[in-house]
Each structure stands twice: as structure tokens, then as C-alpha cells.
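Summary of structural features
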Amino acid sequence: IFFLQVEVLDAKTREQLCFLDKVCCFCSYTEGKSLRDDEILQNLPVGTTATMYFKDLGPQLGWTMVFLAEYIGPLLSYLLFYFRIPYFYSNRYALSSSPHPVVTLACVCHTFHYTKRLIETIFVHRFSHGTMPLRTIVKNCAYYWGFSAWLAYYINHPLYTPPSYGELQVNYALILFVMCEMGNFSIHLTLNKLRGDGPKGRRFPMPNKNPFTWLFFFVSCPNYTYEVGAWVSFSIMTQCLPVAFYTLLGFIQMTIWAKGKHRAYIREFKDYPSLRVAIIPLIL
Amino acid sequence: MSAAASGTSKAAHGDVAAKRKKGPGALATAYLVIYNVVMTAGWLVIAVGLVRAYLARGSYHGLYYSIEKPLKFFQTGAVLEILHCAVGIVPSSVVLTGFQVMSRVFLTWAVTHSVKEVQSEDSVLLFVTAWTVTEIIRYSFYTFSLLNHLPYLIKWARYTFFIVLYPMGVTGELLTIYAALPYVQKTGLYSVTLPNKYNFSFDYYTFLILIMISYIPLFPQLYFHMIRQRKKVLGHIEDYGKVE
């Protein structure tokens, strides 16, 4: 066993906050990178004196709580509109129900989508970074809650017009929706198994026996591909412009994330398959 | 899932940008000088037009009509500035510039041009005057900066006149939007109602009210940002004046 000296400096003022004389095991840090909670001092490239920089990130929330907060809003607010809570629409429609079956179907799909997300957040996902700053959470919640209320308002409106191609359009859209939800879930399971190996055996995700994972032949982030697919099918199912607009925004954001992830994969793995693109097979 | 948490991203990004960009090349500089000279000239034309029309009519009323075309042309032309930022020959944020330019374009076309009844309002003159003086100073500031011969007077004007012009312009803009409201509501301008095939609705009247409300958080932020900039840019005069 050997002992290390550790000094902790404030990241902004560089003044010494504290000095630790005999440190056995701790977390460590290289200039510019932030530490993971579980890193061990001994294993990192520092000499016998380690310098750590302390930075106050402000109020933070754990990732699990973040997603719960973001998803519970859309789940519940949509239902308020579906059941036409008084004052959401004009009084004579209060607590009435729509004559169109597609409206009930849309409610089931939307509720299923966010319930699935909540369950995945609690039981499936494993998160790399510990937390997210409070400001970002407020912004994200405003986005999710606001948009879901906006599109729920139109779909459940007393003057809602069902799709132009009727049952045919709704049924095809429903099939596509279900397939995308299953695909998205399959990818999340696959990614979860991958993370289980820990930092030692880092590999990129590969297609397996599940046909939904075969999208991995073509894209780096099929979870985003399926997510976009689910929302596109929901737009077609409801034939509602606000839904299409929300889908477009989500697509733009997810493309940005997918491209980042794709680039990270290429940088890390020399044997990364060249056929793969970020999010849309052969295109984007 | 890998959206990064914000930290001191702004400062770091600025440093990286300074290291990467060495400023616009010779061709870009020449183009920008021409652009800024043309814009200065354009807004001078508008200023002269306003003065001449006032002297001819003898009143402030209805001066908008005498400068309507050059106003539309040169204010809309400012959209090029978004392109300049996007391409990288101007070191400003695309989002910020886009926001500023589009809000001007919105007022010019979607309010003043679209609602003919407000064109004779005095509030229009208020913001047109504010814009004209501001833009003449701003574009000459950029012109001289690009030529590395910035007279202190222009720099001082740019960072001082806004103290009055900014609130003046905002007042004119808000009053104009407010004046447009009854006509928008009556005619249902730019509005879509339910039911329709795409299950969408848009109420321009409500939209205009929301725009007016958005001035409340936005204007103070921009105003105090300019005041802080003023202290930074003009602040050194006080240092020279100190005698210990």
C-alpha cells in the first residue's frame, strides 16, 4: 500500500479548499475531465500528489428523477383532455366522450408510449453521468408537458376531424406504431445488456436474433429511429398537424444526438461497420 | 440520452472560437464593407425621407407612407446578416442575430404592412425613427470597424444612443401591435379555425398578445446586456481619468 497526498482547489479561483495528507482510496481526475463516482485514485495517471478541482454545479437532480418528472406530465395531461375535464373545452362538452374510435385509440397509444417510457426509466436504463442541472430539467419539462397538452387539446377536441382515409389509415398507422414501440423496447434491452459488461469489455451494439435489432446493420441509434417512427405513425393515425410538428422537432433533436453518438462510436472503435449511419438507414 | 449538462460552456466555446477563427478573409471583408455601406446609405435615405416628408406636410402624421418602400427593402435586407453569422464571416450567434432580425421583419411585414389601419398611427413613426437612428449608427460602426478606423464618436454613439432609442423603439412597437389587435380580431387575419382536415388552429390575435407579453422578460435582458457591454467597451475612460 502506498499513500497519496491530495489537494482540492476551487475550479474558478484556484485557491486551496483542503489538503488531504494520507489518502488510501478515493476518486480521481485528469485535467478537463470530470470524474465518475466510482473511479479509483490509484488507477489514474497522477503522481504522488494529485490536484483536484472542485466545481459547484448548482442544484442537480438524478437522471431517474429527471425522466420521471418529464414523462409523468404528458401521461396525465393527455388524459385530462381525453376525459374533457371541465374548463378545458367549452362547458357543454365537459366530461363528454368523442364519437370517433380513433380518438380512444390515440389515447391508448399515447398513454402506452409514456407508460412504457416510465417503466423503462425505472427498470431498464442505466445512466452514465450522475445528474442533470435543475434549469435544464425545468426547460425539458416545459417542453414535454407543453407539447403533449397542445396536441392532446386538438386530438380530443369536440370539433376533431378523423383521418381522411378512415379506418385504413388508422389501422396501418397502428401496426406501424406497435412495431416501432416493440423495436424501441428491443433496442433498449440490447443496450442495457451491453452496459452490463462495465468499462472493461467495451463493445458497440450489434444485431442479434431479435429481428428488431437488425436495424443495427444500418444505423447506430435504432432506438431513435424507432422513436421517430412511432411518432410519425401517431401523426398519420391522428392526422393532426401539431403532432406532425412535434414529431419534426423530436426528429431534429434526436438526429443531433444520434450523429453525436455515431461520431463517438467511430472514434472509439476502429472496426466500426462502415455501412452504418446515424439514424435513417442509408441516408442520415 | 447523451445530452450534456451545461456548465461553463459559453466561456469555453468563446475561447475555442477565438483560436479557430482568424476573422473574415480579404474577400469577405470587402463584401461586408460594401454591405454595411449600402445599409448605412439605405437607412440615411429613410432618415432623409422622413425629414423631407415632415417639412412638406408640416405634421408628424402619416409619414410612414413616404418611406414605406425603402423601409421594407432595407429592413428585410438585414436577413442577410443571419447568413453572415451562419457562414462565419461575422462572429455573432446565428440564433441571437436571427431572433433580432426576424422580430424586426415581423413588425415590418406581419403587423405594419398587413394591418393597413395602423399605418397612420404615430406609434409607427416612433419605432421607425428609433430604428433609423440606431441602424445608421450601427452600420457605420461596423463599416469603420472593418476598415480598422473606428472614430471614437461612432463607438460612443453606438453604445450610448441605445439608452433612449431602445425604450423608444419598444414603446412604438408595442403600441403598434396593440393598435392592430382590434382589426386582427375583427377580420380573423392569418387565423385558422376548427374544424379542419389537419386538426389545427391558430389565433393570430392571441399570438400577438403573447408576443407583447414576451417583451416583458426579453426587453430588460437585452437592455441590461447592452448596458453591461457599454461599461466594458466605454469603461476605460474612467481609468484614464483617475488621479491617485
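Note that residues are indexed from 1 along each chain, following the sequence as it is written. Throughout, the order in which chains and ligands are written sets their labels, letters from A for the former and numbers from 1 for the latter. Thresholds applied to this predicted model are a pLDDT of at least 70 for local features of residues and 80 or more for the giving and counting of side-chain atom pairs; totals over whole chains, interfaces and linings are not thresholded and use all residues. Each side-chain value is derived from all of the structure's non-hydrogen atoms; neither hydrogens nor water enter the calculation.

**With respect to the domain arrangement of chain A**
Residues and elements named next belong to chain A.
- Note that the domain bounds reflect an automated or database-derived domain assignment. Domain annotation for chain A reports domain 1 (60-162) and domain 2 (167-283).
- Using C-alpha coordinates to define each centre, domain 1 is positioned 21 Å away from domain 2.
- Any pair of residues with heavy atoms lying within 4.5 Å of one another is described as a contacting pair. At the interface, 24 residues of domain 1 touch 23 residues of domain 2.
- Summed over both partners, the accessible surface that disappears when two parts come together, traced with a 1.4 Å probe, is what is meant by buried area. Counting each side, the surface lost to burial between domain 1 and domain 2 is near 2,200 Å², with a carbon and sulfur contribution of 70%.
- The term salt bridge refers to a pairing of a side-chain nitrogen on Lys or Arg with a carboxyl oxygen on Asp or Glu at a separation within 4 Å. We note a salt bridge from E181 to K116, for which the minimum N-O separation is 3.8 Å.
- Numbering of helices and strands starts at the N terminus; helices are DSSP runs of H or I of at least 4 residues and strands are runs of E of at least 2. Broken down by secondary-structure element, the contributors of at least two residues to the side of domain 1 that touches domain 2 are α2 (101-124) and α3 (134-155).
- Of all the elements, α2 adds the most residues to the side of domain 1 that touches domain 2, at 12 residues.
- The nonpolar class holds Ala, Val, Leu, Ile, Met, Phe, Trp, Tyr, Cys and Pro. Asp, Glu, Lys and Arg form the charged class, and all remaining residues, Gly among them, are polar. Along the lines of polarity and charge, the residues of the side of domain 1 that touches domain 2 split into 16 nonpolar, 4 polar and 4 charged.

**Some thoughts on the packing of α2(A) against α3(A)**
All names here are of chain A.
- Helix axes are fitted to C-alpha atoms over the stretch in contact, other axes to C-alpha atoms as well, and angles between N-to-C directions run from 0 to 180 degrees. Where α2 contacts α3, the two axes come as close as 11 Å, and the packing angle between them is 165°. Between α2 and α3, the crossing angle belongs to the class labelled roughly antiparallel. In the crossing of α2 with α3, the sense of the turn from one axis to the other is left-handed. Of the residues in α3, those touching α2 at V103, A106, H110, Y114 and R117 are Y144, S148, L151 and I155. When describing relative orientation, an angle under 35 degrees is termed roughly parallel and one over 145 degrees roughly antiparallel, while 65 to 115 degrees is termed roughly perpendicular and anything else oblique. Crossing handedness: left-handed means the near helix sits turned counterclockwise from the far one by under a right angle, and right-handed means the same turn made clockwise.

**Regarding the UniProt feature "transmembrane region" (unreviewed entry) in chain B**
Residues and elements named next belong to chain B.
- UniProt positions are given in the numbering used here, feature names are shortened, and annotations may be inferred rather than shown by experiment. Here, UniProt's "transmembrane region" (unreviewed entry) annotation points to residues 30-55, 76-99, 159-184 and 204-224.
- Helix makes up 100% of residues 30-55 and strand 0%, and the two end C-alpha atoms of the span are 37 Å apart.
- For the annotated span residues 159-184, helix accounts for 88% and strand for 0% of the residues, and the straight-line distance between the end C-alpha atoms is 37 Å.

**Side note on helix α6 (residues 241-268) of chain A**
- Here α6(A) spans 40 Å end to end across 28 residues, near enough to the 40 Å set by a 1.5 Å rise per residue.
- In this structure, the buried residues of α6(A) make contact with α2, α3 and α5 (222-238) of chain A. By this rule, a helix spans an expected 1.5 Å times one less than how many residues it contains.

**Section: unusual backbone geometry**
All names here are of chain B.
- The omega torsion across L194 and P195 is -10°, close enough to zero to call that bond cis.
- Within the fold, P195 resides in the loop between α8 (162-187) and α9 (204-234).
- Phi is positive for N199, which is not a glycine, with a value near 50°.
- Examined against the element boundaries, N199 turns out to sit in the loop between α8 and α9.

**Brief notes about the nonpolar core**
- Of all hydrophobic cores here, the largest spans 47 residues; its most connected members are W43(B), L71(B), I177(B) and L208(B).
- By residue number, the principal contributor to this core is α9(B), which donates 9 residues.
- What W43(B) contacts, discounting residues up to four positions off in sequence, is L71(B), F74(B), Q75(B), W131(B), T132(B), E135(B), I136(B) and Y139(B).
- Among buried residues, those of type Ala, Val, Leu, Ile, Met, Phe, Trp, Tyr and Cys that are joined through side-chain atoms within 4.5 Å constitute a nonpolar core. Accessible area is worked out with a 1.4 Å probe on protein chains only. A residue is then buried under 20% of its type maximum, exposed over 50%, and partly exposed in between. Ranked by size, the runner-up nonpolar core spans 45 residues in total, among them M132(A), Y144(A), L215(A) and V243(A).

**Remarks on a nonpolar patch on the surface**
Residues and elements named next belong to chain A.
- A residue counts toward a patch only above 30% relative accessible area and without a salt bridge, and it is joined to like-charged neighbours within 9 Å or, for Val, Leu, Ile, Met, Phe, Trp and Tyr, to nonpolar neighbours within 5 Å. Computed with a 1.4 Å probe, the accessible areas rest on the Shrake-Rupley method; for each residue, only the protein chains presented here act as cover. Together, L168, Y172, I175, V178, M179 and M182 give the surface a local cluster of nonpolar side chains, amounting to about 610 Å² of exposed area.
- Checked against the element boundaries, I175 lands in helix α4 (residues 166-195).
- I175 gets classed as partly exposed once you look at its relative accessible area, which sits at 47%.

**Some remarks on the environment of V124(B)**
All names here are of chain B.
- Structurally, V124 can be placed in helix α6 (residues 122-146).
- Residues V124 and L71, spaced 53 residues apart in sequence, show a C-alpha to C-alpha distance of 12 Å.
- The contact partners of V124, leaving out residues within four places of it in the chain, are Y64, T112, V118, Q119 and T176.

**Some words on the packing of aromatic side chains**
Residues and elements named next belong to chain A.
- Think of it this way: a Phe, Tyr or Trp ring, Trp meaning its six-membered ring, pairs with another when their centres are within 6.5 Å, and the plane angle makes it stacked under 30 degrees, edge-to-face over 60, tilted otherwise. This structure, assessed with the given rule, holds 46 aromatic pairs over all chains.
- Geometrically, the ring pair formed by Y143 and Y144 is edge-to-face, given 5.6 Å between the ring centres and 80° between the ring planes.
- According to the relative accessible area criterion, Y143 is partly exposed, its value standing at 28%.
- Ring centres of W150 and F245 lie 6.3 Å apart, and the angle between their planes is 85°; on these two criteria the pair is classed as edge-to-face.

**With respect to the pattern of salt bridges**
Residue and element names in this part refer to chain A.
- Here the structure, examined in full by the defined rule, presents 8 salt bridges over all chains.
- Of the charged contacts in the structure, one is a salt bridge between E120 and K116, with a shortest N-O distance of 3.3 Å. In this pair, E120 and K116 both sit in helix α2, 4 residues apart, roughly one turn of the helix.
- E120 gets classed as buried once you look at its relative accessible area, which sits at 2%.
- A relative accessible area of 9% means that K116 is categorised as buried.

**Topic: the side chain of R138(B)**
Residue and element names in this part refer to chain B.
- If you trace the backbone, R138 turns up in helix α6.
- Look at R138 and you get buried, because its relative accessible area is 16%.
- In contact with R138, not counting residues within four places along its chain, are E81 and R158.

**Some words on the confidence of the model for chain B**
Residue and element names in this part refer to chain B.
- For every residue, the predictor reports its confidence as pLDDT, a number between 0 and 100. In the predicted model, chain B carries a mean pLDDT of 87, and the fraction of residues at 70 or more is 86%.
- Ranking the elements of chain B by mean pLDDT puts helix α1 (residues 9-20) last with 44 and α8 first with 96.
- Long-range and interchain partners of residues 1-21, a stretch whose pLDDT sits below 50, account for 12 contacts in this model, where long-range means more than four residues apart.
- Among the prediction metrics, the complex's ipTM stands at 0.72, with pTM recorded as 0.75.

**Focus: the environment of F81(A)**
Residues and elements named next belong to chain A.
- Positionally, F81 belongs in helix α1 (residues 63-82).
- Sequence separation between F81 and I280 is 199 residues, and the spatial gap between their C-alpha atoms is 33 Å.
- With near-sequence residues (within four places) excluded, F81 lies in contact with F88, Y89, A149, A152, Y153 and N156.

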